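# Structure at a glance
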Amino acid sequence: MSSDAPGLFTRRATGLVREGRTRDALFYNLLWSSVGLTFAFFWLFAAFYPGASALLAFLIAAALGLPGAFLYAMLTQLMPRTGGDYVFNSRSLHPSIGFAGNFSYSFWLAVVIGVYTTYIASYGFGAFGRMMAGFGAGSGWLDFGDWFSTRGGLFITGTVVLLLSAAIFAFGGVRLFFKIQAVCFGLYLLGAIVVPVLVGLFTSHSSFVSSFNDYAANLGVQDASAKLAASATELGFAPADFSFEMTLRAVSIFWFIFGFIFSSNYFAGEIRLAKRTHIYSMPGAVLLAVLVLLCLVPTYTHVIGYDFSYMLGFADPAGYGFGAGAPAYPELIAIASGSPVIGAIAIIGFTIGLLTWLPQTLMLVSRNMFAWSFDNVMPAKLSYVDPRSRSPLIAIGVMLVLSIASTAIYSFTTWFTSITALLGLTLPLLVTAIAGTLLPYRHPELVENSPYSGKVLGLPMLTVVGGLAILGFGAAIGILLWDPGSGTSLSDNSGKVLLVVGVYLAAMAIWWISRAIRRQQGIDVDLAYRELPAA
Amino acid sequence: MGLFGKKKEGGGSNAAARMYYASDIHGSAVLWRKFLNAAGAYRAGVLVMGGDVTGKVVVPLVEQADGFHVDLFGQRTVVSGDAVEEMEHKIRNNGMYPHRMSAEEVSRVAGLTEEQREEWFAEVMRRTFDGWLALADERLAADTRCFVMPGNDDPAGVDDAIEAATKVEACDGRVVAFGDWTMISLGYANRTPFDSPRELTEEQIYERVSALADEVGDMSRCIFNLHVPPYDSTLDTAPALDENLAVVMSGSAPKLIGVGSTAVRELIERYQPLLSLHGHVHESPGATRIGRTLAINPGSDYHTGRIAGVLLQLKGDTVRHQFVTG
């Protein structure tokens, strides 16, 4: 064929050219993976990891997540727009395994939503009030901000933002959600990423310390940086040299980004003409997140520094004027900027990133529930879509109740640390990696007829990538089980590890019980999955 | 909406039938074979294919001295010997048409006007579709009824091929009966941004279907088999497209809109048939009630090698349904 001859001929037909833009899928993955929240986590929990290198930790986390990103991209290319891992695992392994993974993932998303709601209250609204007081707007703002960090404040604020998220779907539907999201995304990028990088670039540490003292003085404490150091030292802080062990443990924090950066399977093209959308958007999002962190980490350490962050983690916040709790990075950036306007942009951008995640999660889980209901595993009502709002309102309502319960748990108990849910969220990823590895053997026709029919060292390409993903996800699980800061270490939190396994096994039991009940009703659930002969 | 949902009250004959409906297989040979095999696998006496049976892409296998040059999924390969048929098989199973051509013929087709190329496409597709119909003659049992209609993406020759088939029955634009039930069908869609071969205005859709519906006396045992789903029904949700046919994004996600037919919705609301079956919008599977009518779109995942369909248990003026992916 001459180089300029067409490789194929297409005709006039619907849907032929419809494919999401790679750029959009990239941003979707980046927003979903919560770079801002995870960055806040790392510095808030820095005292757990003295001597850890943030740069090295996130690079290791990215390396562990990269094969999984490639695998998800390939599986999405093979089975686009069909329900993500629920379908991958149901087809490659068994429907009960597919359901268990998806149910488990949804369960732990419902749990982790409590992190978002309480962080919105504490590090969003609370931080904003404190910032206004810190810049001299009056103690009334401090009382206002502090209320959000009380148990009642966390729960009430979390519940209100959840109700508002659900109301978006109930009253404005998916269309309103998209409109809101469009605005929010820009504000998030500006406030949570661009402003912190610029402030970090153009502000010195000494200038920050001076601003910190002025800020704390307005909160009622003079010479706060010295008092911070004294309190931290009293509670065990000492400057730490680089520690590879701590760096490796700290990977568990950054896994919050790189374990969940391939959620753009909605952006499936209708014809597999080109591989670029998924291949570029999922592994590409890993690289983009690395780039963002490569900008955030050095600029943050330039202006705030590791030792200052460690001290914030060790010290009693009341000792240096921050009685409601240590500040997260947006508030520190606000302080460094010395400007309430720039500070407001940083805190609002960060908060909006968290707020946007709530309806996104409600949507994602309700979509999973829809799929279970569609296959008769769950009651039919869960798949009801309100024609006016185009929203699965009953599924969203169920998720809303679970999310409020999660907010209550995070507000009133210490059952879960912030990243405890990570193990529960990662286990289904490992199952998907196993399913991808076996897919060329379980459904050879599907793989052979795809763009991924090639072999590497005599093994199917998908098996090789799946094997690497097993190693990456497996290593991440290993770190989560090892790191005491993860909240799911085998040594300190064996009960929570059992809970993670228990939820998965319970979900498998639910599938089999549901199948038996449907059989009594005269419905053969197996028909929903049984492949017809193609001969 | 229930999968095998609640039985409706009703009387009349106790006659029963099991029906399998699928749509939008878009040239996938695997899915056509599965569709035919559904009769035996699901013990369905009636099969209905709701349109868009032909593919959208022809992949040339360009004959050169060293073999056939093929560009598939953006990868150029050279195949010869047995590998040629394997490649053709792979292309067919992806819903595309392999076509052995010389380099000169490729250049000639590339130089055709759009209308001329559509005719060329129709000829290539017709050859494959004739083979499918011959396979149906071989496979289908004598007591199985199999109705196939073209959809908005299918070129004109498809009708003639179905009319000429032995076992497969044409149903587009007419009233057909099986058992105690009647079915009226229309494969045309409302206007799309793609200017596909079979599109009508909403008024034309309304006129054509209402003329058929007026022939049917008992709507309680009537099935609408209309390719395009009713507007704003949750069965018609698709991403909005801009003037370049690219997905319109809102923030970081596609903007979703209803793309169904307002005429179809009005027709269902007016006539209230027992059941209304639809395809066309692949990404919007589901079932919903419009008045007493159960409206269903099983969706389509044709490029995955799995056929999305729905099993329907008809009994008198009641119907139960279960989505199946085979």
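Residues numbered from 1 in each chain as written. Chains lettered and ligands numbered in written order. Predicted model: local features only at pLDDT ≥ 70, side-chain atom pairs only at ≥ 80, totals over all residues. Heavy atoms only, no water.

### Quick look at the overall build of chain A
Counting its regular elements, chain A contains 19 helices and three strands. Over its C-alpha trace chain A gives a radius of gyration of 24 Å, about what one expects of a compact globule, namely 24 Å for 535 residues. For the C-alpha atoms alone, the extent of chain A along its principal axes is close to 80 × 55 × 50 Å. The proportion of buried residues among the 535 residues of chain A is 62%. Of the roughly 18,400 Å² of accessible surface on chain A, 69% is carried by carbon and sulfur atoms. Side-chain charges in chain A split into 27 positive and 24 negative, and the spacing between the mean points of these groups amounts to 16 Å. (Helix = DSSP H or I, 4+ residues; strand = E, 2+ residues; numbered from the N terminus. Rg over C-alpha atoms; globule rule 2.2 N^0.38 Å. Buried < 20%, exposed > 50% of the residue type's maximum accessible area, 1.4 Å probe, protein only. Areas by Shrake-Rupley, 256 points an atom, 1.4 Å probe, with all protein chains shown as cover. Lys, Arg positive; Asp, Glu negative; His and termini not counted. Charge placed at Lys NZ, Arg CZ, Asp CG, Glu CD.)

### A word on the domain arrangement of chain B
Residue and element names in this part refer to chain B. You can read the domains of chain B as domain 1 (16-57 + 117-325) and domain 2 (58-113). One C-alpha centre belongs to domain 1, the other to domain 2; they are set 31 Å apart. Across the contact, 18 residues belong to domain 1 and 17 residues belong to domain 2. Taken as a group, Val57, Arg117 and Trp120 account for 47% of the area that domain 1 buries against domain 2, more than any other trio of residues on that side. Viewed at the interface, domain 2 and domain 1 are joined by zero salt bridges. Counting the contacts that link domain 1 with domain 2 gives five residue pairs in polar contact (both at pLDDT 80 or more). Counting residues per element, the ones that place at least two in the side of domain 1 that touches domain 2 are α1 (29-41) and α4 (114-139). Sort the elements by how many residues they give to the side of domain 1 that touches domain 2 and α4 lands first, with seven residues. (Domains from an automatic or database assignment. Contact = heavy atoms within 4.5 Å. Buried area = accessible area lost by both parts, 1.4 Å probe. Salt bridge = Lys/Arg side-chain N within 4 Å of Asp/Glu carboxyl O. Polar contact = N/O pair within 3.5 Å; in protein donor to acceptor, adjacent residues only side chain to side chain.)

### Quick notes on helix α5 (residues 157-164) of chain B
All names here are of chain B. Turning to α5, its buried residues number three or more, namely Val158, Ala161 and Ile162. Taken down its axis, α5 places every buried residue within 95 degrees of arc, on the same side. Elements that come into contact with the buried residues of α5 comprise α4, β7 (145-148) and β8 (168-170). (Arc of directions from axis to C-beta.)

### Notes on the environment of Gly50 of chain B
Residues and elements named next belong to chain B. Tracing the sequence through the fold places Gly50 in the loop between β2 (46-49) and β3 (57-64). The class of Gly50 is buried, set by a relative accessible area of 0%. Taking the C-alpha atoms as reference points, Gly50 and Gly187, 137 residues apart in sequence, are found 7.3 Å from one another. Excluding anything up to four places from it in sequence, Gly50 contacts Tyr21, Ala22, Ser23, Met149, Asn225 and His227.

### Things to note about the pattern of salt bridges
Counting across every chain of the model gives 19 salt bridges over all chains. Across the pair Glu531 of chain A and Lys34 of chain B runs a salt bridge, and its minimum N-O distance is 2.7 Å. With Glu531 of chain A in the segment after α19 (494-520) and Lys34 of chain B in helix α1, this pair bridges two chains. Taking relative accessible area as the criterion, Lys34 of chain B reaches 1% and is therefore assigned buried. Salt bridges here are not isolated pairs; linked through shared partners, they connect Arg515, Arg519, Asp524, Asp526 and Arg530 of chain A.

### With respect to the environment of Ser491 of chain A
All names here are of chain A. Residue position: Ser491 is located in the loop between α18 (461-482) and α19. The exposed category is assigned to Ser491, whose relative accessible area is 60%. For the pair Ser491 and Leu481, spaced ten residues apart in sequence, the C-alpha to C-alpha distance is 8.0 Å. Within the local environment of Ser491, its side chain forms a polar contact with the side chain of Asp492, the two groups lying 3.3 Å apart.

### A few points about helix α3 (residues 54-78) of chain A
Note: α-helices contain 3.6 residues per turn, so residues at a spacing of three or four share the same orientation. Residue and element names in this part refer to chain A. With 25 residues, α3 should reach 36 Å at 1.5 Å per residue; the first-to-last C-alpha distance of 36 Å fits that figure. Gly65 marks the point of greatest bend in α3, at about 30 degrees, and the proline Pro67 comes within the next four residues. Buried residues dominate α3, accounting for 19 of its 25 residues. (Expected span 1.5 Å × (residues − 1). Bend = angle between axes of the 7 residues up to and from the residue.)

### Things to note about the sheet that holds strand β19 (residues 286-290) of chain B
Residue and element names in this part refer to chain B. Ordered by their spatial adjacency, six strands build an open sheet running β9-β10-β13-β18-β20-β19, and the pairing between neighbours is mixed. The two strands at the open ends of the sheet, each matched to only one other strand, are β9 (175-178) and β19. Averaged over neighbouring strand pairs, the angle between their axes works out to 20 degrees when direction is ignored. Here three bridges tie strand β18 (residues 275-277) to strand β20 (residues 293-297), and the two strands are oriented parallel to one another. The residue of β20 that forms the bridge with Leu275 is Leu294. Contacts from helix α6 (residues 202-215) reach β9, β10 (181-186) and β13 (222-226), with the element oriented near 165 degrees to β10. (Pairing = 2+ DSSP bridges. Axes fitted to C-alpha atoms, helices over the stretch in contact; angles between N-to-C directions.)

### Section: the side chain of Gln272 of chain B
Residue and element names in this part refer to chain B. Tracing the backbone shows Gln272 in the loop between α7 (262-271) and β18. Of the residues examined, Gln272 reaches a relative accessible area of 18% and is grouped as buried. Once you skip the residues sitting within four places of it in the chain, Gln272 turns out to touch Met219, Leu267, Ile290, Gly291, Arg292 and Thr293.

### Looking at the nonpolar core
Phe208 and Phe258 of chain A are the most contacted members of the largest nonpolar core, which totals 172 residues. The element that contributes the greatest number of residues to this core is helix α5 (residues 95-134) of chain A, accounting for 19 residues. Excluding its chain neighbours within four sequence positions, the residues that come into contact with Phe258 of chain A are Phe58, Ala61, Ala62, Gly65, Val286, Ala289, Val290 and Leu293 of chain A. Within the second largest apolar cluster, 36 residues are counted, among which are Tyr42, Met49, Ile162 and Ile307 of chain B. (Core = buried A, V, L, I, M, F, W, Y, C linked by side-chain atoms within 4.5 Å.)

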